[in-house]
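Residue-level structure breakdown
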Amino acid sequence: PAPAVPFQVRAQTGPLMYPSPRVPSSRRTSTRLAGAAGLLAVACAGAAPPRMSGPDGAAPANPQSRSEPLLSRIRQLTFEGRRSGEGYFGPAGRRIVFQSEREPGNPFYQIYRMDLTTGDVERVSPGIGKTTCAWIHPGGSRVLFASTHAAANARAEQEEELARREAGETRRYAWDYDPDFDLYSSDLDGSPPRALAAAPGYDAEASWSPDGRTVVFASNRHAYDPILASALSAQDHERLASDPSAFIELYTVDSRGGNLRRLTTSPGYDGGPFFSPDGSRIVWRRFSEDGVTAEIYSMKVDGSDVRQITRLGALSWAPFYHPSGDTILFSTNLHGMGDFELYLVDAEGRSEPVRVTRSPDFDGLPAFSPDGSVLAWTSQRGANGRSQIFLADWDAAASRRALGLPGLETAQVAPLLPLPRDTAAAIDAVDLRAHVDALTSDVAEGRLTGTRGERIAASYVARSFRAYGLEPAGDGNTFFQQFGFTAGVALGANSQLASADASFTVERDWRPLAFSRVGEVEASPVVFAGYGMVVPETVDAPGIDSYADLDVTDKWVLVLRYAPKTEGGWRHRRHASLRYKAMLARDRGARGLLVVSGPRSKVRDPLVPLAFDASLAGTSIAAVSISDDTARSLLGSGGGHDLDSLQRDLDAGETVPGFPLEGVHLRARIDLRLQRSAGRNVIGRLRMGEEPSERFVLVGAHLDHLGRGKNATSLARAGEEHEIHRGADDNASGVAAVLEMAQLLADARDAGRLAGARDVVFAAWSGEELGLLGSKHFADGLGNPDDPHASLSSSIAAYLNLDMVGRMEHELYLYGAGSSSAWPGLIERASAPLGLAVAPRDDSFLPTDATSFYLKRVPVLSAFTGVHEDYHTPRDLADRLNYGGLRDVARLMARLSESLARLESTPDYRAMKRPRRAVPRGALRAYLGSIPDYAYDRADGVRLSGVAEGAPVERAGLRAGDVVVELAGRKVENIYDYTFAIESLEIGEPVVIVIRRDGERRAHEVVPESRD
């Protein structure tokens, strides 16, 4: 070896990714032999150099013997050929693409793809010339790489290199930035590769964006352009001849070769770019102008917001994002010119980089699997000391701790659910089962809105959309659209309850109810009111009036929880809710409500849990739960009454009049803190043309479910209340169908089989179980914020919804068929070839996300296969679905989506007079036609999302955005008050409904109709 190079350099036939010692720029040669930047070359890619053995030629140690705590199960992947490198995973993590010198008759790198499940390897590139920098399209069907195979001298260069080797020549070789390198996209069906924006100059180091729409690459094409090059000085032309890398900048181009854009203009070689997992940023390495050092940078995809990530003063290069999006792995020779190691840094560059590898040999060119669990990189640690690809399991949690980052559950993309491997483009029952299995797995934890499980499931859907080639349509060029909501309530530090004689301990003696008003309650008398119920007498059961002849004005009302255990007492249970009891006490002038379980209830926790029910709004009186011992103390002090005897007599059906607790006064301070959280929709756009269409077809299903069933809508049996509610049918089935539809339509578009007048937007909504929160947030964001009833027809041509479509038995219900005159014909054409039993239903006011859009005057169609006994229980499991039926549903909805995308005219909207089949609403007989906004969380009324066409409230003059504050003389503070008030209405009897509109109270007369 030459004295200036402390290692032997063997013949190198690809990008030499190993820098030589630092040499002033004045000593650079035409091959960039001594220039560090030239030898480092391709950092998107480029394999590592041949191994530089020590004087004794000793082989390296066992690859897993070193202390590398973030890595485990280190194993060598490639063995064949002189050397291999630059391994990058496909979208599902099942395949890897890499470059290798192993082609007979060609001494240069060619591109290969390996199936990691079978070990099969196939060549992707033509086999002629040089290649480098391969990348698999997010859709999985194409490979991007740089190649010189089209150059006139490609074969001659091969023959010259082979002749040198046969003659035993060894030469010091460096990457020469061949101006014949162009970018190519190759389909995996054997068709010839297609050039992408070919031009004179070096085009390489390319990768696709996560949505598959854009390519970022490195190029010096501007220096070879006849017009642009005319502006170069004579000195620049000399430098281009000796150092072409000095002119390399970053560019983007779309996947069809249009919209070429230059991103960087600063001095120094910019190369090795990759997109962030959400597609919003690009990470790359930039050499100093003299080529001596390189640092890691990131920027937005438009070239703005440039941030320097590392400041190590060494050769730092080959950066790659972890799928979480907030850490970057890169290689650096910080420990010596020949000792390249992998380091990790946070994506903002705030932390000190953390060392990952500790091999005395080369380690570089890292890449993560799509789920972030496996690392691939190029290393010389193998037995023969040549550059090959290695794999290791990655400890993501430990890596974040090492950088001082919060847990993985806070990452934007939670890489915990691997995507199914090698899913078919056609809608397939096996693929549907794989999606349902993933979404109902333990790690998804029931997908409760705002939880880690929801984020993990949302990540799964987003990565699937990205893999199919959809482009992000959420916030900030991501697939996610975030919305805030009230997720729960927590006990503050200042809660107090006390009498003149005693102070009670919170969480032991008492606990506020979640819907209680907060603040001070002055010392007030206490009265006992039995079970706190008012139930009219019926033929089947006697009446109850706990408040008969009892004055509760400005007092605390002490009541028993539940309903009396009398014969037939079950008929009173709908009057036994705590909300109902609080409303009765409030309407009678009470200041507060005290609830005691009583010894006969035999509950595990005598205090009512502090948890939200189905409503976000509270009440205007204090409401607390007290222990049996606390109640005994109050009753004993107030006249020697006995709790056990009172409850026994009431349960026996005896009349126990209410009474005051003489001398007992309670004061309180209720300190409750609402817990805000954020849910996330996942939204991807399948674009049909170069620009987004003005109107689009929207296809959606709700992603969320009940978590462990802690809210009031769980129907779990005794003993299974806190189990994971997996929601296989509700609604993993709908999301799985949407994913399969997205893959089918994306594949059809890419193959030229689908071209439409409008794009198709696919969405996985969250917050549906809490009141259509996610879909409503999306709809409100598209509409006019000053007019909540404004039409979205100028944006959304139609909406297709899939909710509970996995239990097909006899027929598929398509609700909303009355929302457009176009539906009958579209349904007929879509269903005829499938042989599917379809039952259209005109009803368009539905308890699912379709309502968020129908209320905005968008035609809707909602697929549904029926309710079953496992609904909202932990028994809604993946193995209970009919996957053949689910496949047929997805195929039908996909055909409808294609038809809507192709239609020249937009489907018309029909306003429904009223549903022909009423949505069940418990025992309600009276019908008003109002549609509450379940996301409204203020205790000052019930806001309306809309009103049914021709319904009693519409005829009375009500509209979307009105807040109902009173009905038939009864105060309305929340949805429970409203429901209880409707229960009391007589059909055909006019009543007054009071609303608040624009800050003013308005009274309207409304005539209830029959719901039958």
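The rules behind each value
Residues numbered from 1 in each chain as written. Predicted model: local features only at pLDDT ≥ 70, side-chain atom pairs only at ≥ 80, totals over all residues. Heavy atoms only, no water. Helix = DSSP H or I, 4+ residues; strand = E, 2+ residues; numbered from the N terminus. Contact = heavy atoms within 4.5 Å. Areas by Shrake-Rupley, 256 points an atom, 1.4 Å probe, with all protein chains shown as cover. Polar contact = N/O pair within 3.5 Å; in protein donor to acceptor, adjacent residues only side chain to side chain. Core = buried A, V, L, I, M, F, W, Y, C linked by side-chain atoms within 4.5 Å. Buried < 20%, exposed > 50% of the residue type's maximum accessible area, 1.4 Å probe, protein only. Pairing = 2+ DSSP bridges. Axes fitted to C-alpha atoms, helices over the stretch in contact; angles between N-to-C directions. Salt bridge = Lys/Arg side-chain N within 4 Å of Asp/Glu carboxyl O. pLDDT = per-residue confidence, 0-100. Parallel < 35°, antiparallel > 145°, perpendicular 65-115°, else oblique. Left-handed = near helix turned anticlockwise from the far one by under 90°. Nonpolar A, V, L, I, M, F, W, Y, C, P; charged D, E, K, R; others polar. 1 Å grid on protein atoms, 1.4 Å probe; cavity = no way out; pocket = protein on both sides within 12 Å on 5 of 7 lines; lining within 4 Å. Points joined across faces, edges and corners; volume = space filled by probe spheres on them. Expected span 1.5 Å × (residues − 1).

1. Thoughts on the overall build of the protein
From N to C terminus, the protein includes 17 helices and 51 strands. The long-range fraction of contacts in the protein, counting pairs at least 24 apart against all pairs at least 6 apart in sequence, stands at 69%. Counting only carbon and sulfur atoms, one obtains 48% of the accessible surface of the protein, whose full area is about 38200 Å².

2. Structural notes on the side chain of Glu 103
Tracing the chain through its elements places Glu 103 in the loop between strand 3 (95-101) and strand 4 (110-115). Side-chain polar atoms of Glu 103 contact the side chain of Tyr 112, separated by 2.6 Å. With near-sequence residues (within four places) excluded, Glu 103 lies in contact with Gln 110, Tyr 112 and Arg 123.

3. Details of the nonpolar core
If you look at the biggest cluster of nonpolar residues, it comprises 72 residues, and the most contacted ones within it are Val 215 and Trp 394. Setting aside residues no more than four positions away along its own chain, Val 215 makes contact with Leu 144, Leu 183, Leu 196, Ala 206, Ser 207, Trp 208, Tyr 251, Thr 252, Val 253 and Phe 275. Formed by 69 residues, the second largest nonpolar core is a distinct cluster that contains Leu 470, Phe 480, Leu 745 and Ile 827.

4. Some details on the sheet that holds strand 20 (residues 341-346)
The four strands lie next to each other as 18-19-20-21, forming an open sheet whose pairing is antiparallel. Sheet topology places strand 18 (316-321) and strand 21 (354-355) at the edges, where each strand pairs with a single neighbour. Looking at chain direction, strand 18 and strand 19 (residues 327-332) are connected through four bridges and run antiparallel. If you follow Trp 317 over to strand 19, its bridge partner there is Ser 331. Sitting on the sheet, helix 5 (residues 396-403) is in contact with strand 19, strand 20 and strand 21, with an inclination near 70° to strand 20.

5. Structural notes on the side chain of Ser 185
Mapped onto the secondary structure, Ser 185 falls in strand 8 (residues 182-187). Residue classification places Ser 185 among the buried residues on the basis of a relative accessible area of 7%.

6. Remarks on the environment of Arg 708
Residue placement: Arg 708 occurs in the loop between strand 38 (696-702) and helix 11 (728-750). Since its relative accessible area comes to 40%, Arg 708 is described here as partly exposed. Arg 708 sits 261 residues away from Arg 447 along the chain, and the two C-alpha atoms are 9.1 Å apart. When residues no more than four places from it in sequence are discounted, the contact partners of Arg 708 are Glu 721, His 722, Glu 723, Ile 724 and His 725. Within the structure, Arg 708 has its side chain in polar contact with the backbone oxygen of His 722 (distance 3.3 Å).

7. Describing the pattern of salt bridges
Between side chains of opposite charge, pairing is possible as soon as their charged atoms come close. Under the definition given, this model contains 62 salt bridges. The salt bridge partner of Arg 586 is Asp 977, with a shortest N-O separation of 2.6 Å. Placement of the pair is Arg 586 in helix 8 (residues 578-587) and Asp 977 in helix 17 (residues 975-983), with a sequence separation of 391 residues. Classification of Arg 586 by relative accessible area gives buried; the value is 8%. Asp 671 is the partner of Arg 673 in a salt bridge, and the nearest nitrogen-oxygen pair spans 2.8 Å. Residue classification places Arg 673 among the partly exposed positions, given a relative accessible area of 46%. With relative accessibility at 10%, the residue Asp 671 sits in the buried group. Linked through salt bridges whose partners overlap, the residues forming this network are Arg 82, Arg 83, Glu 101, Glu 161, Arg 164 and Arg 165.

8. Some thoughts on the environment of Val 656
With respect to the helices and strands, Val 656 occurs in the loop between helix 10 (643-651) and strand 36 (659-670). Linking Val 656 and Gly 530, residues 126 residues apart in sequence, is a C-alpha distance of 7.1 Å. Other than its neighbours up to four places away in sequence, Val 656 contacts Leu 646, Asp 649 and Leu 650.

9. Focus on the confidence of the model for the protein
When pLDDT is averaged along the protein, the result is 85; 87% of the residues meet or exceed 70. pLDDT under 50 marks residues 1-62. Its contacts with residues more than four places away, or in other chains, come to 207 contacts. Between residues 409-415, whose pLDDT stays under 50, and residues either more than four places distant or in other chains, the model counts 28 contacts.

10. Looking at the packing of helix 11 against helix 15 (residues 883-902)
Their axes nearest at 9 Å, the elements helix 11 and helix 15 cross at an angle of 50°. As judged from the angle between their axes, helix 11 and helix 15 are oblique. Along this stretch, helix 11 crosses helix 15, giving a crossing that reads as right-handed. In contact with Ser 733, Ala 737, Met 741, Leu 744 and Leu 745 of helix 11, helix 15 contributes Leu 886, Ala 890, Met 893, Ala 894, Ser 897 and Glu 898.

11. Description of the pairing of strand 27 (residues 496-499)
Moving residue by residue along a regular strand, the side chains alternate between the two faces of the sheet. In this sheet, strand 36 lies alongside strand 27 in antiparallel orientation, the contact comprising four bridges. Note that in strand 36 the partner of Ala 498 across the bridge is Arg 667. In terms of strand pairing, strand 27 meets strand 28 (residues 503-504) through two bridges, oriented antiparallel. Within the sheet, the bridge partner assigned to Ala 498 lies in strand 28 and is Ser 503. Turn length for the strand 27-strand 28 hairpin, with the two strands adjacent in sequence and antiparallel, is three residues.

12. Observations regarding unusual backbone geometry
The amide bond that connects Asp 730 to the next residue, Asn 731, takes the cis arrangement and shows omega of 0°. Tracing the chain through its elements places Asn 731 in helix 11. The phi dihedral of Ala 318 is positive, around 50°, even though this residue is not glycine. Here Ala 318 lies in strand 18. Classification of Ala 318 by relative accessible area gives buried; the value is 2%. Here Ala 968, not a glycine, exhibits a phi torsion of approximately 55°, which is positive. When you line up the elements, Ala 968 lands in the loop between strand 47 (963-967) and strand 48 (970-971).

13. Looking at the packing of helix 8 against helix 17
Orientation of helix 8 relative to helix 17, taken along the N-to-C sense of each, is 80°, at an axis distance of 10 Å. By the angle between their axes, helix 8 is roughly perpendicular relative to helix 17. In this structure, helix 8 uses Arg 579, Tyr 580, Met 583 and Arg 586 to contact helix 17, whose residues at the interface are Tyr 976, Asp 977 and Phe 980. Looking at the contact of helix 8 with helix 17, its residues break down into four nonpolar, no polar and three charged.

14. What to know about the layout of surface pockets
Of the pockets and cavities examined, the second largest pocket occupies roughly 900 Å³. Lining the second largest pocket are 41 residues; nearest its centre among them are His 137, Gly 139, Gly 140, Ser 141 and Arg 142. Mapped by element, the contributors of at least two residues to the lining of the second largest pocket are strand 8, strand 9 (194-196), helix 7 (452-468) and helix 11. A per-element tally of the lining of the second largest pocket places helix 11 first, with five residues.

15. A short note on the sheet that holds strand 23 (residues 374-379)
With respect to topology, four strands assemble into an open sheet ordered 1-24-23-22, the strand pairing being antiparallel. Single-partner strands in this sheet number two, and they are strand 1 (71-76) and strand 22 (363-368). Looking at each pair of strands side by side, their axes are set apart by 25° on average, direction ignored. Pairing geometry for strand 1 and strand 24 (residues 388-394), over four bridges, is antiparallel. By the bridge assignment for strand 24, Ser 72 is matched with Asp 393.

16. Re helix 7
Taking 1.5 Å per residue, 17 residues should reach 24 Å; helix 7 reaches 25 Å between its end C-alpha atoms and fits that length. Burial runs high along helix 7: 16 of the 17 residues are buried. Once helix 7 ends, the next one or two residues include Gly 469, with phi positive near 100°.

17. Observations concerning empty space enclosed by the protein
All chains considered together, the criterion is met by five cavities of 30 Å³ or more. In this structure, the largest cavity encloses a volume near 420 Å³. Lining the largest cavity are 26 residues, with Phe 89, Trp 135, Phe 320, Pro 370 and Arg 466 sitting closest to its centre. No other element matches helix 7, which puts three residues into the lining of the largest cavity. Looking at the lining of the largest cavity residue by residue, the classes come out as 19 nonpolar, five polar and two charged.

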